[in-house]
Amino acid sequence: MTKQSLLFCASEVYPFAKTGGLADVAYALPKELSKSYGVDVVLPLYQSIDRNKFGIKKLSQSCKIKLDGKTHIIELYATVMEGIGYIFVYTPVLCDREFLYGTPSSGYEDNHIRFALLNYAIVDLIRSSKYDIVHCNDWQTALVPLLLDQEKIDGIKTVFTIHNLAFQGIFSYQALQKIGISEKYFTMECLEFYGQINFMKAAICYADLVTTVSPSYAQEILTHEFGCGLEGYLTHYKEKLHGILNGLDIDFFTPKTDLFLSYPFETLTQKNLNKKEFLKKTSLKGIKKPLFVFVGRMTNQKGIELLIEVLEDLGNENCNVAILGDGNEYYTKELLNLTQKYKNIDCRFTYDEKLSHQLYASGDFFLMPSLFEPCGLTQMISMRYGAIAVVHSVGGLKDSVFDYKKFDTNSPKGYGIVFTQPTKEAFLDAITQAFDLYATKKEYNKIVKHNMNCDFSWEESAKLYINLYNQIKG
Ligand code: ADP
């Protein structure tokens, strides 16, 4: 029997382009799904993608898309990696930019045109290739289900995954005409959102199924607190909304074989060599002191304000703190001030895949005080790399990090230190627990070893996606 075919659409995919967890998911999930489906992944061919390194070749297929009085020529490129066909969409407006979505201070002003072009190109691809399932992700590919309706392309089942409801693709009403979408879709039931247009809303309406990246987040987004204005709309569609926990690519995130580490490891003694090396590279001192690490985007979502508040206290404690992140300039300045004030705090403001792996491998604890967290991968990576996660129990963190006080050796769950209120007091209390746990070496080691052996792979979650695909096909 020939495999059914799936087109997975994303605006970033590791190792070609990555700003966050979406890229990790768009790399690892299709790989797992390819055991059951023939899978193509489509993404933009950003100027930063090295065509030679990845063997990316131009296809003969191309198309012209006329938007806002301009004709855009769309070229397609492709390569194959690990059994997956990667199809790249190239057009200068979309691809020839320094950043993917915008500068660190704001999104590009023509993002509606840029990503509408990507969506039209995907629809053109679907028209010529006939996939059984099209799986779109986040606002950048959210117009596809609506465009299939507008262009009257029948028989394609669509799934839309919300990776972060905080980014919905909201543009002014004037953008509607510029991106060639009929006025008939500008209704409260579809694209219209407080007088503007909302890409994500269109996908929630037109996709056959909507998923998000953890069961807890699927519940939370139905509430005023986490729904970002779409709670009522999502509640209306809750029958087709499902929460499936993300996984990790466990071939890539494996401490034993990680090529980014000088000391790939299996044991805690070997892990310690990474910590030693990392401390040497910085001005941090004291291998015996607990090392708290943070890796992530410097945004309000990640609880950076809470982190900055507790660093004032940690600066006087017998520990070290290492931070890696990029983004918001205000946070960067605040953190820089702290590094000047306290010798035990080290911050790097860049995006560096290798360094991030070194931090997971060196850390004793991983700090994750997120205010909201659709899923989060960094807590799983850190557990796999033997750092205990200290998390605000929200969204996917609730579903992946369980309170160490209820530790059970026989459970498949990962354990960490959890706090339920996003306040400085609660976070500091969790950090005090971390110090206490670290002091009871035996208990600490037991939990770390347990977490390192937990299954954070995609295997189970990919099966849930396949079940959903079968449901809509059937
Ligand atoms: P989000 O998608 O909200 O940014 P996730 O926890 O889902 O957060 O995924 C973040 C991914 O991006 C992880 O693979 C993490 O290691 C990586 N990452 C985040 N910030 C950096 C950085 N400054 N340097 C390197 N990798 C980073």
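A brief look at the structure comes next.

Conventions we followed
Residues numbered from 1 in each chain as written. Predicted model: local features only at pLDDT ≥ 70, side-chain atom pairs only at ≥ 80, totals over all residues. Heavy atoms only, no water. Salt bridge = Lys/Arg side-chain N within 4 Å of Asp/Glu carboxyl O. Helix = DSSP H or I, 4+ residues; strand = E, 2+ residues; numbered from the N terminus. Core = buried A, V, L, I, M, F, W, Y, C linked by side-chain atoms within 4.5 Å. Buried < 20%, exposed > 50% of the residue type's maximum accessible area, 1.4 Å probe, protein only. Contact = heavy atoms within 4.5 Å. Pairing = 2+ DSSP bridges. Axes fitted to C-alpha atoms, helices over the stretch in contact; angles between N-to-C directions. Parallel < 35°, antiparallel > 145°, perpendicular 65-115°, else oblique. Left-handed = near helix turned anticlockwise from the far one by under 90°. Nonpolar A, V, L, I, M, F, W, Y, C, P; charged D, E, K, R; others polar. Near = heavy atom within 4 Å. Polar contact = N/O pair within 3.5 Å; in protein donor to acceptor, adjacent residues only side chain to side chain. Areas by Shrake-Rupley, 256 points an atom, 1.4 Å probe, with all protein chains shown as cover. Right-handed = clockwise from strand over helix to strand, strands pointing away.

1. Digging into the pattern of salt bridges
- Going through the model one piece at a time under the given rule, you end up with 19 salt bridges.
- In this structure, Asp249 and Lys31 form a salt bridge, with 2.8 Å as the shortest nitrogen-oxygen distance. Taken together, the residues span a long stretch of sequence, with Asp249 in the loop between β12 (241-243) and α9 (268-281) and Lys31 in helix α1 (residues 21-33) at a distance of 218 residues.
- One salt bridge in this structure joins Lys275 and Asp364, with 2.6 Å as the shortest N-O distance.

2. Quick notes on the nonpolar core
- Core analysis: the largest hydrophobic core is formed by 181 residues, its most contacted members being Ile49, Tyr86, Ile181 and Leu191.
- Sort the elements by how many residues they give to this core and helix α3 (residues 111-129) lands first, with 11 residues.
- Those residues in contact with Tyr86 that sit more than four places away from it in its chain are Val13, Phe16, Tyr27, Val41, Leu43, Tyr77, Ala78, Thr79 and Met81.

3. Let's talk about the sheet that holds strand β5 (residues 84-90)
- Within the open sheet, the 9 strands sit side by side as β3-β4-β5-β2-β1-β6-β7-β11-β12. Their pairing is mixed. Among the strands making up the open sheet, the edge pair consists of β3 (57-67) and β12. For this sheet, the mean angle separating the axes of adjacent strands, direction not counted, is 25 degrees.
- Where strand β1 (residues 4-9) meets strand β6 (residues 133-137), 4 bridges bridge the pair, whose relative direction is parallel. Its bridge partner lying in β6, Phe8 is registered against His135.
- Seen against the sheet, α1 touches β1, β2 (37-44), β4 (70-81), β5 and β6 and runs at an angle of roughly 160 degrees to β2.

4. With respect to the packing of helix α10 (residues 304-314) against helix α15 (residues 424-439)
- The N-to-C vectors of α10 and α15 enclose an angle of 50 degrees; their axes lie 10 Å apart at closest approach. By the criterion of interaxial angle, the relationship of α10 to α15 is oblique. Classified by chirality, the crossing of α15 by α10 is right-handed. For the pair α10 and α15, the contacting residues are Leu306, Leu307, Glu309, Val310, Asp313 and Leu314 in the first and Lys424, Phe427, Leu428, Ile431 and Phe435 in the second.
- Looking at the contact of α10 with α15, its residues break down into 8 nonpolar, no polar and 3 charged.

5. Some remarks on the site of the ligand
- What surrounds the ligand is a group of 22 residues, the closest being Gly21, Asp24, Arg297, Tyr360 and Leu377.
- The contact in question runs from an oxygen atom of the ligand to an N or O atom on the side chain of Asp24, over 2.5 Å.
- At a separation of 2.9 Å, a nitrogen atom of the ligand approaches a polar backbone atom of Thr350.
- Against a free-state accessible area of 570 Å², the protein chains account for coverage of 94% of the ligand.
- Of all the elements in the fold, those that place two or more residues in the shell around the ligand are α1, β13 (291-298), β14 (320-327), α12 (353-362) and α13 (378-384).
- A class-by-class count of the residues in the shell around the ligand yields 6 nonpolar, 9 polar and 7 charged.

6. Thoughts on the sheet that holds strand β8 (residues 170-171)
- Strand order across the open sheet formed by 3 strands is β8-β10-β9, with antiparallel pairing between neighbours. Two strands close off the open sheet at either side, each with one partner strand: β8 and β9 (192-193).
- Note: β8 against strand β10 (residues 196-198), 2 bridges, orientation antiparallel. Residue pairing for β10: Phe171 is matched across the bridge by Ile197.

7. Concerning the pairing of β1
- Of all 6 residues in β1, 5 are buried; the element is thus mostly enclosed.
- Bridge count between β1 and β2: 6 bridges; the pairing is parallel. Paired with Leu6 across the two strands is Val39, which belongs to β2.
- Tracing the backbone out of β1, into α1 and back to the parallel element β2 gives a crossover that is right-handed.

8. Here's the deal with the side chain of His357
- Checked against the element boundaries, His357 lands in helix α12.
- A residue is classified by how much of its surface remains accessible, and His357, at 0% relative accessible area, is buried.
- A polar side-chain atom of His357 sits 3.0 Å from a polar atom in the side chain of Glu353.
- In this view, His357 contacts Phe252, Phe253, Asp258, Phe260, Leu261 and Tyr385; residues no more than four positions away in its chain are not counted.

9. Remarks on unusual backbone geometry
- Residue Pro15 follows Tyr14 across a cis peptide bond; omega there is 0 degrees.
- Despite not being glycine, Glu82 has its phi angle at roughly 50 degrees, a positive value.
- Mapping Glu82 onto the fold places it in the loop between β4 and β5.
- The class for Glu82 is partly exposed, based on a relative accessible area of 48%.
- Despite not being glycine, Lys130 has its phi angle at roughly 55 degrees, a positive value.
- As for its position among the elements, Lys130 is in the loop between α3 and β6.

10. Here we look at the packing of α1 against helix α17 (residues 459-473)
- Two elements in contact, α1 and α17, have axes whose closest approach is 9 Å; the angle formed by their N-to-C orientations is 70 degrees. Relative to α17, the element α1 is oriented roughly perpendicular. For α1 against α17, the interelement crossing comes out right-handed. On α17, the residues touching Leu29, Glu32 and Leu33 of α1 are Glu459, Ala462, Tyr465, Ile466 and Tyr469.
- Counted by class, the contact of α1 with α17 contains 6 nonpolar, no polar and 2 charged residues.

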